[in-house]
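Examining the three-dimensional arrangement
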Amino acid sequence: TASKHRRRGGDLKTKNTELGSAVTGPPLTAALPASTTGKKSVILSGETRKELAKQAEVTKEERRAQIDERHKYLISRLADGIGLSEQQVEEAIISDDKFQLIEQFFAPSGLKKLLFFYQDVLQEKSTASLRSDGSMNSMLQKKLFITMGSSENFTGTCAFFLRTSDKVITASNVSQEVNFGIFDCTNGNILQGLEFFLSQIMIPALKSQQNWGAVKEGLKNSQIQDFLYSVDKFVGTLSSSRRNIEDKIQLTKVDIDIYVSNLQNPSDYIAA
């Protein structure tokens, strides 16, 4: 009998333990969704944000110290073409993650082109605008940034620098070895931007050019004349295509029931 009482008491203790576990449940952290715990784990502390900002400022000052007359030439052209101050352009360049592309452009046999986009991009607001869930508010804001032109959508203005040789770009030859141009694609209208660039900039520049290299006759040469004619013709075709797209050619709706109802045999279909 005593062994039976002990066994019953043991069973009661086990049941009480199981009941307590069922009521209290596992720790709350284990019950949270993985997405919730993951979101909290990536929120940076105030000290971490301060440290990252400090490192970014150090990097910017190191890059600012590297700026020479070559960089100043690019900055001056960008400021004039886009309509920003030279200080704004310099700040954008030294803050850019692709800053090293400029050095690759200056190097002997380096990059043949250096592209800058100036357009609306989605940017995070300051840390003061953190929402209750820890995420950031975002907004569209104009930004000048360096690009390879292959990953970002082009919706604004493209400023480009082109090399004319494989020589190293120096402070003394940068104005002779580097060409600068602007391609305006405001609101993403690429066809209109290309048409304007060719008709208002490139063609007038070509027609006023005196030196055509080995072609001594210049504009009097028949091949040069054929080339310019082809460019003019291409711009005309481009303009026509753009207008057709913008007008969105509309077809008149036709009620064909009256025609189909009169078709009774194969000869009627052939006649139709």
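Residues numbered from 1 in each chain as written. Predicted model: local features only at pLDDT ≥ 70, side-chain atom pairs only at ≥ 80, totals over all residues. Heavy atoms only, no water.

The name an unreviewed UniProt entry assigns to the chain is DYH5 protein, from the organism Podilymbus podiceps.

1. Observations regarding the packing of helix α4 (residues 46–66) against helix α6 (residues 86–94)
Short version of the rule: Lines fitted to the C-alpha atoms define the axes, with helices restricted to the stretch that makes contact. Angles between their N-to-C directions range from 0 to 180 degrees. Only DSSP runs of H or I reaching four residues or more are called helices, and only runs of E reaching two or more are called strands; each is numbered from the N terminus. Small angles under 35 degrees read as roughly parallel and large ones over 145 as roughly antiparallel, with 65 to 115 read as roughly perpendicular and the rest as oblique. Whether a crossing is left-handed or right-handed is set by the direction in which the near helix is turned from the far one by less than a right angle, anticlockwise for left-handed and clockwise for right-handed. Pairs of residues are marked as contacts when any of their non-hydrogen atoms sit within 4.5 Å.
α6 packs onto α4 with a crossing angle of 120 degrees between their chain directions and a minimal axis gap of 9 Å. By the criterion of interaxial angle, the relationship of α4 to α6 is oblique. Crossing of α4 over α6 shows right-handed handedness. Across the interface between the two elements, Lys 60, Arg 63 and Arg 64 from α4 touch Glu 90, Glu 91 and Ile 94 from α6.

2. Some details on the layout of surface pockets
Note the threshold: Within this scheme a cavity is a closed region of a 1 Å grid, computed over the protein atoms alone, that accommodates a 1.4 Å probe without allowing it to escape, whereas a pocket is open but has protein on both sides within 12 Å along at least five of seven lines; lining residues each have an atom within 4 Å of a point. Grid points are joined across faces, edges and corners, and a volume is the space filled by probe spheres set on the points.
A volume near 430 Å³ is recorded for the largest pocket. Residue lining of the largest pocket: 17 residues in total, with Ala 92, Gln 123, Lys 143, Leu 144 and Phe 145 positioned closest to the centre. Within the residue set of the lining of the largest pocket, elements represented by two or more residues are α6, β1 (113–124) and β2 (138–147). Looking at which element gives the most residues to the lining of the largest pocket, the answer is β2, with five residues.

3. So, the environment of Gln 88
Definition in use: Three exposure classes are used, based on accessible area relative to the maximum for each residue type with a 1.4 Å probe and protein chains only: buried under 20%, partly exposed in between, and exposed over 50%.
Following the sequence through the fold, Gln 88 ends up in helix α6. Classification of Gln 88 by relative accessible area gives partly exposed; the value is 44%. For the pair formed by Gln 88 and Ile 75, sequence separation is 13 residues and the distance between their alpha carbons is 9.3 Å.

4. What to know about the state of the cysteines
Selection rule: Any two cysteine sulfur atoms within 2.5 Å of one another count as a disulfide.
If you walk through the whole model with that rule in mind, you get zero disulfides. Free of any disulfide, Cys 158 has its nearest cysteine sulfur in Cys 185, 9.3 Å distant. By relative accessible area, which is 0% here, Cys 185 ends up buried.

5. Description of the pattern of salt bridges
Here is the rule we go by: Whenever a carboxyl oxygen of Asp or Glu lies within 4 Å of a side-chain nitrogen of Lys or Arg, that contact is scored as a salt bridge.
Going through the model one piece at a time under the given rule, you end up with 14 salt bridges. The salt bridge involving Arg 77 is made with Asp 80; its shortest N-O contact spans 3.5 Å. Separated by three residues within a single helix, Arg 77 and Asp 80 lie in helix α5 (residues 69–82), roughly one turn from each other. On the accessibility criterion, Arg 77 (24% relative accessible area) is partly exposed. When its relative accessible area of 58% is taken as the criterion, Asp 80 is described as exposed. Between Asp 166 and Lys 112 there is a salt bridge, with the nearest N and O atoms lying 2.0 Å from each other. Placement of the pair is Asp 166 in the loop between β3 (157–163) and α8 (174–177) and Lys 112 in the loop between α7 (100–106) and β1, with a sequence separation of 54 residues. Judged by relative accessible area, Lys 112 falls into the partly exposed class, the value being 46%.

6. Notes on the side chain of Gln 119
Tracing the chain through its elements places Gln 119 in strand β1. Residue contacts for Gln 119: discarding those within four places in its chain leaves Gln 141, Lys 142, Lys 143, Phe 145, Asn 153, Phe 154, Thr 155 and Gly 156.

7. Regarding the environment of Cys 158
As for its placement among the helices and strands, Cys 158 is situated in strand β3. Among the residues examined, Cys 158 registers a relative accessible area of 7% and is labelled buried. Sequence separation of Cys 158 and Gly 81 is 77 residues, and the distance between their C-alpha atoms is 9.9 Å. Here Cys 158 is in contact with Leu 115, Phe 116, Phe 117, Gly 181, Ile 182 and Phe 183, once residues within four sequence places are set aside.

8. Re the nonpolar core
Just so we agree on the cut-off: Residue types Ala, Val, Leu, Ile, Met, Phe, Trp, Tyr and Cys, when buried and joined through side-chain atoms within 4.5 Å, form a set referred to as a nonpolar core.
Counting residues in hydrophobic clusters, the biggest one holds 27 residues, and the most contacted among them are Leu 114 and Phe 116. A total of six residues in this core trace back to one element, the largest contributor, which is α5. The contacts of Phe 116, once residues within four sequence positions are left out, are Leu 78, Ile 93, Leu 144, Phe 145, Ile 146, Thr 157, Cys 158, Ala 159 and Phe 161. Ranked by size, the runner-up nonpolar core spans 14 residues in total, among them Phe 117, Val 121, Phe 154 and Phe 197.

9. Overview of the packing of aromatic side chains
Rules: Whether two aromatic rings pair depends on their centres lying within 6.5 Å, for rings of Phe, Tyr and Trp, where Trp uses its six-membered ring; planes under 30 degrees apart make the pair stacked, over 60 edge-to-face, and the rest tilted. A ring has a charge above it when a Lys NZ or an Arg CZ is no more than 6 Å from the ring centre and no more than 35 degrees off the ring normal.
For the structure shown, the criterion picks out eight aromatic pairs. Between the aromatic rings of Phe 161 and Phe 180, the centroid separation amounts to 4.9 Å while the plane-to-plane angle is 35 degrees, which identifies the pairing as tilted. Here Phe 161 is found in strand β3, whereas its partner Phe 180 is found in strand β4 (residues 178–184), with 19 residues between them in sequence. Residue classification places Phe 161 among the buried positions, given a relative accessible area of 0%. Through successive ring pairs, a cluster of aromatic residues spans Phe 117, Phe 145, Phe 154, Phe 160, Phe 183 and Phe 197. Of note, Arg 77 hangs over the ring of Tyr 73, and the distance from its end group to the ring centre comes to 5.0 Å. Just above the ring of Tyr 118 sits the side chain of Lys 142; from NZ or CZ to the centre is 5.3 Å.

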